[in-house]
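# A closer look at the structure
Below are the chains, spelled out letter by letter.
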Amino acid sequence: MSTLSTKHRGAPDPMDFFAPATWAEALETKAARPDAVPISGGTDVMVELNFDLRRPSALMDLGRIRELKEWDVVGGTVHLGAAVPYARIISDLADRLPALAMAARTVGSPQIRNRATVGGNLGTASPAGDAHPALLATGAVVEAESFRGVRHIPIGGFFTGVKHSALASDELIRAVLIPTAAGPQQFSKVGSRNAMVIAVCSFALALDLDRRTVGTGIGSAGPTPLVARAAERFLAGALDWTNLTVSVSAAQRFGELVADAASPIDDVRGTAAYRRHALAVLATRALRWIRTTGTATNRGKEPVPA
Amino acid sequence: MTEPEETASATTPATTARTGLAHRPADNRAVGGTLRLSVTINGQDRSAPAVPPGASLLTALREHFALPGSKNACEQGECGSCTVYLDGEAVCSCLVAAGQAEGRTVRTVEGLAEGGAPDAVQRAFIECGAVQCGFCTPGLVVTVHDLVHQRLIHEDGPPDEAVIREALAGNLCRCTGYEKIIEAVRQAAGELRSARGRVTQ
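This one's a predicted model, so the numbers in the text were calculated from it and none came from an experiment. (Residues numbered from 1 in each chain as written. Chains lettered and ligands numbered in written order. Predicted model: local features only at pLDDT ≥ 70, side-chain atom pairs only at ≥ 80, totals over all residues. Heavy atoms only, no water.)

## What about the nonpolar core?
Residues and elements named next belong to chain A. Of all hydrophobic cores here, the largest spans 77 residues; its most connected members are Leu 80, Ile 89, Leu 100, Val 118, Leu 122, Leu 135 and Ile 155. Here the element with the most residues in this core is helix α4 (residues 98-105); it accounts for six residues. In this structure, Val 118 is in contact with Leu 80, Ala 82, Val 84, Tyr 86, Ile 89, Leu 100, Ala 131, Leu 135 and Val 176, ignoring residues within four places of it in sequence. Within the second largest apolar cluster, 31 residues are counted, among which are Leu 209, Ile 218, Val 258 and Ile 290. (Core = buried A, V, L, I, M, F, W, Y, C linked by side-chain atoms within 4.5 Å. Buried < 20%, exposed > 50% of the residue type's maximum accessible area, 1.4 Å probe, protein only. Helix = DSSP H or I, 4+ residues; strand = E, 2+ residues; numbered from the N terminus. Contact = heavy atoms within 4.5 Å.)

Right under this line is the structure:
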């Protein structure tokens, strides 16, 4: 590692740097320079630069664009600016977006949460991104924009491969549109410690009590973040929606179906078999937590006893 | 240590021609290699003539502003040894691109002491023996400074061990086992609270 720290001391590789003051200027720059790598919190991009894993010909700092750091609620949907840091999601949005806020609490460390953003997580599109399971479980929509116009990309179609997304080279992520919770949500993550870990695997669950639908999201157990559709359908049918209870055997079956939806590999963080097993545990545990923590959403629903 | 000035002047014209951005205002962009970086550091307006924009703020602080207090260890935000305040928030300076700090306010561990006297956190680290090899200490001191002052601002009361461990989760120490560090956090928090109590009385 020590050899890496000397690389800036010689003649630098030419790297252009853009710091647009407005969103319009950012879109114009990205159109002219699709090679410009967007940077906001820097918690992914700078690691690649520091370790010389990537030498982009240009960087574009999105940190001066005010609206990217704001959030708003429009018609029951949270419009989360792409550069709102995780610390703000925890402090401002835990009631409206419980699963995402729980995931945010597991991101890195306080220093990382002060900088890292959901927009950056999406831009990197790692299968292990902490935000992704919650975004999948809640049916979020990615708002991307280029000088050609705005595109709303449902999260289910956003991840196209390992660290690849549906974003075009001239597009930037402006916001993520996330429905306000309509029922209890949970997120959990397996790692070697409680901080600073890339997920070995992770799982999010979101119940919609109005529509009586189930949303799931699986992280770090496939080439992309995944949903467990069969598990969602099964639980929607097996759940007692009034009392939010399921039989023990149905909870186990739900866990198995979540594990079946994953396509993990063996890697440095864990084996495929361990990931499948852990996902089944996380999924049944999420069900239990939902029953014991109730539905404390901002819609004023009463907590449901265990 | 610093990039030679002629590097910038030699590469800029060619790159400008290549990108066709010569007409752009120069205040918020750098084309071809290095930028003049102006940052308010520890209350002073500082400027460095030729910083690679993709170098980290940590590199800029250590090698262009001669402030080696912030330590360079992991370069991936894992160890917290490079923690500084950026616009009042504790961040890993290794994960901030130097160009992103343009026009911003940075406070490093060198800027915590007032009038040459160590601040409450620095004193507590010394008095509790919370320093062994010392490499992680500057980052820990800034993180703890942030923790105890946030607790004061929000009137959250003294931090318990769970709060302290959570707040320090991004700072690695390989010597002390954290016990004396946690003791130092408690002492600093207590000292600041009683100092504030005296002021309010």
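Alright, that's what it looks like, and here's the rest.
## Here's the deal with the interface of chain B and chain A
With 52 residues of chain B at the contact, the number on the chain A side is 44 residues. Summing both partners gives a buried area of about 3,700 Å² for chain B against chain A, and 50% of it is carried by carbon and sulfur. Our count for the contact surface shared by chain B and chain A stands at one salt bridge. A salt bridge links Arg 113 of chain A to Glu 166 of chain B; the nearest nitrogen and oxygen atoms lie 3.0 Å apart. If you look at where chain B meets chain A, you find 14 residue pairs in polar contact (both at pLDDT 80 or more). Of all the secondary-structure elements, those providing two or more residues to the side of chain B that touches chain A are α1 (5-19), β1 (29-30), α2 (57-64), β4 (83-86), β5 (89-92) and α5 (161-167) of chain B. Taken together, the residues of the side of chain B that touches chain A sort by class into 21 nonpolar, 20 polar and 11 charged. (Buried area = accessible area lost by both parts, 1.4 Å probe. Salt bridge = Lys/Arg side-chain N within 4 Å of Asp/Glu carboxyl O. Polar contact = N/O pair within 3.5 Å; in protein donor to acceptor, adjacent residues only side chain to side chain. Nonpolar A, V, L, I, M, F, W, Y, C, P; charged D, E, K, R; others polar.)

## Concerning the pairing of strand β7 (residues 149-154) of chain A
Two strands pair when backbone bridges link them, and strand β6 (residues 141-146) of chain A and β7 of chain A are joined in this way by six bridges, in the antiparallel orientation. Residue pairing for β7 of chain A: Val 142 of chain A is matched across the bridge by Ile 153 of chain A. (Pairing = 2+ DSSP bridges.)

## With respect to the pattern of salt bridges
Across all of its chains, the model carries 21 salt bridges over all chains by this definition. Linking Glu 256 of chain A and Arg 253 of chain A is a salt bridge whose minimum nitrogen-to-oxygen distance equals 3.1 Å. Of this pair, Glu 256 of chain A and Arg 253 of chain A are both found in helix α9 (residues 248-261), three residues apart, which corresponds to roughly one turn of the helix. The exposure class assigned to Arg 253 of chain A is partly exposed, which follows from its relative accessible area of 34%. With a shortest N-O distance of 3.6 Å, Asp 87 of chain B and Arg 104 of chain B are connected by a salt bridge. With Asp 87 of chain B in the loop between β4 and β5 and Arg 104 of chain B in the loop between β5 and β6 (105-107), this residue pair connects regions lying 17 residues apart in the sequence. Here Asp 87 of chain B falls in the partly exposed class, since its relative accessible area comes to 43%. Residues joined by salt bridges that share partners form a network here, namely Glu 161, Arg 165, Glu 179 and Arg 186 of chain B.

## Some thoughts on the packing of aromatic side chains
Residues and elements named next belong to chain A. What the rule picks out here adds up to two aromatic pairs over all chains. Ring centres 5.3 Å apart and planes at 90° place the aromatic pair Phe 158 and Phe 159 in the edge-to-face group. Measuring from centroid to centroid gives 6.3 Å for Phe 203 and Phe 254, while their planes differ by 70°, and the two rings are edge-to-face. Of this pair, Phe 203 sits in strand β12 (residues 201-208) while Phe 254 sits in helix α9, and the two are 51 residues apart along the sequence. According to the relative accessible area criterion, Phe 203 is buried, its value standing at 0%. The exposure class assigned to Phe 254 is buried, which follows from its relative accessible area of 0%. (Phe/Tyr/Trp six-rings, centres within 6.5 Å; stacked < 30°, edge-to-face > 60°.)

## Section: helix α8 (residues 229-238) of chain A
Residues and elements named next belong to chain A. Within α8, burial applies to Ala 231, Glu 232 and Leu 235. On an axial view of α8, the arc spanned by its buried residues comes to 100°, and they lie on one face. Of the exposed residues in α8, the ones pointing more than 90 degrees away from its buried face are Arg 233 and Gly 237. (Arc of directions from axis to C-beta.)

## Brief notes about the packing of α8 of chain A against α9 of chain A
Residue and element names in this part refer to chain A. Relative orientation of the contacting elements α8 and α9 amounts to 165°, with a least axis distance of 8 Å. One way to sum up the angle between α8 and α9 is to call them roughly antiparallel. Taken as a pair, α8 and α9 cross one another with a handedness that is left-handed. In this structure, α8 contributes Ala 230, Ala 231, Phe 234, Leu 235 and Ala 238 to the contact, and α9 contributes Ala 250, Arg 253, Phe 254, Leu 257 and Val 258. Residues that form the contact of α8 with α9 fall into these classes: nine nonpolar, no polar and one charged. (Axes fitted to C-alpha atoms, helices over the stretch in contact; angles between N-to-C directions. Parallel < 35°, antiparallel > 145°, perpendicular 65-115°, else oblique. Left-handed = near helix turned anticlockwise from the far one by under 90°.)

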